[in-house]
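Here is how the chains run, residue by residue.
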Amino acid sequence: MERKVVVGGWGQITQPKTLDRTAKDPMGLMAQASRRAAEMLASKTALTHLDGIMIVRTLSHHYTSPAKQLAHKLGAKPKFTHVSGIGGNSPQTLINIAAGMIARNELDSVLIVGAEAYIQREKKPEKIESALFRGIPKEYTGDDLIGSTTLENQHGIKHPMHGFPLFETALWAASGLNLQAYLMQIGTMWAKFSEIAADHPYAWTKSMRTPEEIITPGPTNRPVAFPYTKYMNSFVNVDQGAAVILMSEEIEKKYSQKNRQTVYFLGGGYAQDRQRFMIEKSDFTSSPPLKAAVEKALARSLIPLENLDCFDLYSCFPCAVSIAKKMIGITDDDPRHLTLTGGLGFFGGPGNNYSLHGVATLAEKISIGEKSNGLVTALGWFMHKHAAGVYGSEPSKSKFKDYDVRDQKNGFAGKDPVKIKDQVTGTGTIETYTIIYSMDQLPSYAVLYGKTRDNFRFIARTQTHHDIFEQLTKKNRVGQSVNIKFAPSINMNIADLA
């Protein structure tokens, strides 16, 4: 008989930037978050009796055997351990897998935990860009270490802060608004996120921002990649950890606190894009795998969208939330909040582990009766991998079956990758673009994605010229023709606005 799955415990930890003690490393933060999760179970033996530990891969520090190291720290002897790959989808993906194993009676209780410690308290801290992946060893075998292609890297698109603005420019074009009106629209949405973060006990940033503060470049809010300022980016330079303990309903009853509502995991979904890289995408304003993952989670939980109390949509950048709304079917006038934490820009974006904070926050709200259910979404890299989970106060009549196994074996969604031409000389049409800025707030270069006349995708840089940057920012240039010429000396396509 299939068993019901319960979120038995949850814990979060935020380590302040200024400390009067030795800072904990990610392993220390994971141990502390795990102990806090166990405190929810009111049992000193809950952690030692775990039979599964699943770790969200740490990016700020490399551990050779993190699950075994944590088990030793906690005094646990699990029969099953697992470490995720790279991607913000990881926490919810692990929960989906663990829930399936518990429902099928393969395990009784599983700890899912992750943490990052990015704050460098030495006198000469490294730049955050160079520190982002310092915890990943060169011999890492997962292909998810790569988020962009060699061709994209050659043209200056490497990290999420470079890639996500491409979605935003395409969304701006689709809106039909002028730039200021469009920025005010997303600034207003982001300001609400900052308000929620200001009220969250574990948020990294407590400052509420106005829409004007968010969208206006300035000394503390430099432009990063058009149309984003610093305040529109995920804030990764944090020390944060979170943990949840999943259990079968029968096991959880041995530990449950009578003054708290039981929190059930009701259903999850996972999907990944056949068009893995930005340069392979046919549409920069949608995400078929996001839609697929959420539809799976809702169908499996037997809870329709309109019956959900709340959301925590993955919010690394505004476009991720806007596309999620579009794919899920959340209208602009929907009164439900889009985040429970304040999102990665204000609450904090700890590597792969943000969405575990979303789950822990939702579990707390359900347990005290503030919410009866909710949906959490999570994504990895440039909208490539997506996971979703539904949680509630009442058990579902649905069955978990082997959905998690099926999703991992064949979770692809969307169209096949578009055809790409590496070296282009001729004319083309702009589909989206961004401008990358230097630390001194000056534009460094612009990158265009588009289609050639014979329907191949191209990527190109423009000349570094003030007039070109002004043309790209004053008015949306999606749909405009460009002249492209391959420059062998720099191995790049160079585009001139026609």
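Residues numbered from 1 in each chain as written. Predicted model: local features only at pLDDT ≥ 70, side-chain atom pairs only at ≥ 80, totals over all residues. Heavy atoms only, no water.

### Regarding the nonpolar core
Counting residues in each nonpolar core, the largest one holds 95 residues, and the members touching the most others are Phe164, Ile328 and Tyr449. Judged by nonpolar contacts, the second largest core, of 33 residues, contains Ala99, Val110, Ile112 and Val359. (Core = buried A, V, L, I, M, F, W, Y, C linked by side-chain atoms within 4.5 Å. Buried < 20%, exposed > 50% of the residue type's maximum accessible area, 1.4 Å probe, protein only.)

### What to know about the pairing of strand β2 (residues 52-55)
In β2, alternate side chains face the same way, and those of Gly52 and Met54 on one face and Ile53 and Ile55 on the other are all buried. As for the winding sense of the linkage, the β-α-β connection from β2 through helix α2 (residues 66-74) to strand β3 (residues 80-83) is right-handed. One ladder, built from 4 bridges, connects β2 with strand β4 (residues 109-117); its direction is parallel. Bridge pairing links Ile55 to Val113 in β4. (Helix = DSSP H or I, 4+ residues; strand = E, 2+ residues; numbered from the N terminus. Right-handed = clockwise from strand over helix to strand, strands pointing away. Pairing = 2+ DSSP bridges.)

### Looking at the environment of Glu252
Mapped onto the fold, Glu252 is located in helix α9 (residues 249-255). Each C-alpha atom of the pair Glu252 and Leu41 lies 8.0 Å from the other, and the pair is 211 residues apart in sequence. Dropping the residues within four chain positions of it, Glu252 is found in contact with Val6, Gly8, Met247 and Thr262. (Contact = heavy atoms within 4.5 Å.)

### Notes on the side chain of Thr473
Looking at where Thr473 falls in the secondary structure, it is placed in helix α14 (residues 466-474). Look at Thr473 and you get buried, because its relative accessible area is 18%. A polar side-chain atom of Thr473 sits 3.0 Å from the main-chain carbonyl oxygen of Phe469. When residues no more than four places from it in sequence are discounted, the contact partners of Thr473 are Trp172, Leu179, Phe226, Ile435 and Tyr437. (Polar contact = N/O pair within 3.5 Å; in protein donor to acceptor, adjacent residues only side chain to side chain.)

### Digging into the pattern of salt bridges
Under the counting rule described, the total for this entry stands at 17 salt bridges. One salt bridge connects Glu106 with Arg104, and the closest N-O pair in it is separated by 2.8 Å. Judged by its relative accessible area of 35%, Glu106 is partly exposed. You can call Arg104 partly exposed: its relative accessible area is 27%. (Salt bridge = Lys/Arg side-chain N within 4 Å of Asp/Glu carboxyl O.)

### Re unusual backbone geometry
In this structure, Pro227 follows Phe226 across a cis peptide bond, with omega equal to 5 degrees. Tracing the sequence through the fold places Pro227 in the loop between β5 (223-225) and β6 (228-229). With phi around 65 degrees, Asn105 is a residue other than glycine that occupies positive phi space. Tracing the sequence through the fold places Asn105 in the loop between α3 (90-103) and β4. The phi dihedral of Asn455 falls on the positive side, at around 70 degrees, and the residue is not glycine. Examined against the element boundaries, Asn455 turns out to sit in the loop between β14 (443-452) and β15 (457-462). Classification of Asn455 as partly exposed rests on a relative accessible area of 44%.

### Describing the pairing of β3
Bridge analysis of β2 against β3 gives 4 bridges, and the strand direction is parallel. Residue Ile55 lies in a different strand from β3, and its bridge partner there is Val83.

### Here's the deal with helix α11 (residues 318-328)
In terms of burial, α11 is largely enclosed, as 9 of its 11 residues are buried. For α11, the set of buried residues is Pro318, Cys319, Ala320, Val321, Ile323, Ala324, Lys325, Met327 and Ile328. Buried residues belonging to α11 abut α6 (160-175), α7 (179-198), β6, α10 (288-301) and β10 (373-380). Just past α11, the residue Gly329 takes up positive phi, approximately 100 degrees.

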